[in-house]
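# Fold and contact review
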Amino acid sequence: MVGFQFLKLRRFTVRAELFTEFKTGRVVPITTISGDEYAFVPAALPPSEGALDPKLWPLVTKATGEVLRLDGIGRTLPSPTLLLRPLQRREALRSSRIEGTVVSPEQLLLYEALDGFESEPKGRQEQDWLEVFAYYKALRAGFRIYRRDGARLDRETMKTLHRILMDTSPRGRDKRPGHFRGVQNHVVGEAGRFTPPPVADLDGCLVNLEEFLAGEHDPGGLLGQALVRAYVAHYQFEAIHPFEDGNGRVGRLLLALTTTAWLNLSKPWLYMSEFFDENRSQYIERLFRVSTHGEWSEWIEFCLEGTKQQAEAAIRTCDALWKVRAHYLATAGSMSPRMHQIITMLFSNPILSIPDIQRRCDVHYVTAKGDVDKLVEIGVLTEVGRSRPRAFAASELLRVAYIS
């Protein structure tokens, strides 16, 4: 599932005995270039009635309430990007980290501020930066597609997300971007070996998942609750593993879309990769044990606890960002309106360059440099790195939005 590494040219024996009588699907024999083994085909959604413990109701109510409280706060913001951009970049950083790509917020923001993504990456480090940016780009594109197409969450949306993600990624362009796999894939991780459905079963699994996403199988009760449905769909996508590569990231992109759509949020405020990354072993194990032991309740409970934590953290971040904004504006005082415009720009990216200000504020270089010098003097900006052009960061904003 998510967080597993693809296996190549190495023989492992599938431990079919791990799949108990309570497994949520079929274990089927397959023949690969490595020999005879087994694959897992998840049962059609929705899960059977009674799959979830009624004791989950209070947690469902609490988690849903926290997300809706976050949405209410977000609706009051004069500019949603104040909170939205940091949340989305943090999601890109953490989702990529689950897959083994570790990039610091400062590196990503500096590279983005200096238009590093306009050219081909020159080394491994730049490839990592572009890998994270690919997720950020696919995330934002996914929500544009969702708004444009009237909440269509289907196989075409999955393929579009995959295409954007893999086309942008320097390591994904040879992984058939935008196409479901035509070969058997194998994944392994801390929870054990897992082989997703054979290609012959893939279309049937995806048709059922698409129907579930469209609400054609709404069982009501706990399984009809928006968050529960979203986490059931997330498990199913990861169990199917429909692409040659990028399944973990596309699955988390789809999760952000479903929670936003089904909770009718004003903006996509909820992201789970940070929680999944901080609890990676449990995340992988809980997914795996849905397949092997039918532990739907344990999986949903884990996700709902994470939902509550992520919503509460986003609310704290919003409050802290608002205080930083007020402090910056008060510090700038009666300086020119353009100075206030630059401070507002920092909430889109807390690292900027003098040419960036020159272009976005439509002023001469000397004027833009003078503005930066003043912001450095009053403590809003500090120079970072030894880049060309020179780059400056709003350190307090960077800490609050991306590090704390």
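Given the structure is predicted, the values throughout are model-derived calculations rather than measurements. (Residues numbered from 1 in each chain as written. Predicted model: local features only at pLDDT ≥ 70, side-chain atom pairs only at ≥ 80, totals over all residues. Heavy atoms only, no water.)

What follows covers the overall build of the protein. Along its length, the protein carries 15 helices and eight strands. By its C-alpha atoms, the protein is 70 × 45 × 35 Å across when sized along the principal axes. Of all 404 residues assigned to the protein, the portion counted as buried reaches 54%. Within the protein, contacts between residues separated by at least 24 positions form 72% of all contacts whose residues are at least 6 apart in sequence. For the protein, the computed accessible surface area is about 17600 Å², with 49% contributed by carbon and sulfur atoms. Averaged over its 52 positive side-chain charges, the protein has a centre that lies 4 Å from the centre of its 50 negative ones. (Helix = DSSP H or I, 4+ residues; strand = E, 2+ residues; numbered from the N terminus. Buried < 20%, exposed > 50% of the residue type's maximum accessible area, 1.4 Å probe, protein only. Contact = heavy atoms within 4.5 Å. Areas by Shrake-Rupley, 256 points an atom, 1.4 Å probe, with all protein chains shown as cover. Lys, Arg positive; Asp, Glu negative; His and termini not counted. Charge placed at Lys NZ, Arg CZ, Asp CG, Glu CD.)

To continue, consider the sheet that holds strand β7 (residues 382–384). The sheet built from three strands is open, its strands ordered β6-β8-β7 with antiparallel pairing. If you trace the sheet from one side to the other, it starts and ends with β6 (351–353) and β7, each paired once. The mean angle between the axes of side-by-side strands here comes to 45°, regardless of whether they run parallel or antiparallel. Sheet topology note: the β6/strand β8 (residues 391–393) ladder contains three bridges and is antiparallel. (Pairing = 2+ DSSP bridges. Axes fitted to C-alpha atoms, helices over the stretch in contact; angles between N-to-C directions.)

Across the protein, the average pLDDT comes to 89, with 92% of residues at or above 70. For the stretch residues 1–13, pLDDT sits under 50, and the model shows 47 contacts to residues farther than four places along the chain or on other chains. (pLDDT = per-residue confidence, 0-100.)

Moving on, we come to the environment of E211. Here E211 is to be found in helix α6 (residues 199–213). Taking the C-alpha atoms as reference points, E211 and L45, separated by 166 residues in sequence, lie 8.8 Å from one another. Those residues in contact with E211, other than ones at most four positions away along the chain, are E216 and H217.

Glancing now at the pattern of salt bridges. A complete count under the given rule lists 27 salt bridges for this structure. A salt bridge links D277 to R94, with the shortest nitrogen-to-oxygen separation between them at 3.1 Å. One end of the pair, D277, is in helix α9 (residues 273–278); the other, R94, is in helix α2 (residues 81–98), and 183 residues separate them in sequence. On the basis of relative accessibility, which here comes to 19%, the residue R94 falls in the buried class. The partner of R359 in a salt bridge is D356, with the nearest N and O atoms 2.8 Å apart. With a gap of three residues between them, R359 and D356 both fall in helix α13 (residues 354–361), about one helical turn apart. Taken together, the shared-partner salt bridges in this structure form one network comprising R90, R94, R97, E274, D277, E278 and R280. (Salt bridge = Lys/Arg side-chain N within 4 Å of Asp/Glu carboxyl O.)

The next point concerns the packing of aromatic side chains. Scanning the model with the defined rule gives 16 aromatic pairs in all. Measuring from ring centre to ring centre gives 6.4 Å for F194 and F288, while their planes differ by 75°; the resulting arrangement is edge-to-face. Taken together, the residues span a long stretch of sequence, with F194 in strand β5 (residues 192–194) and F288 in helix α10 (residues 280–293) at a distance of 94 residues. F288 matches F194 in its accessibility class, with the two residues each being buried. Pairing F276 with F302 gives two aromatic rings, centres 6.3 Å apart and planes at 20°, and the pair type is stacked. Here F276 is found in helix α9, whereas its partner F302 is found in helix α11 (residues 296–332), with 26 residues between them in sequence. Among the aromatic residues, those joined into a ring-pair cluster are F275, F276, Y283, W299 and F302. Taking NZ or CZ as reference, R229 lies 3.8 Å from the ring centre of W262, over its face. (Phe/Tyr/Trp six-rings, centres within 6.5 Å; stacked < 30°, edge-to-face > 60°. Lys NZ or Arg CZ within 6 Å of the ring centre and 35° of its normal.)

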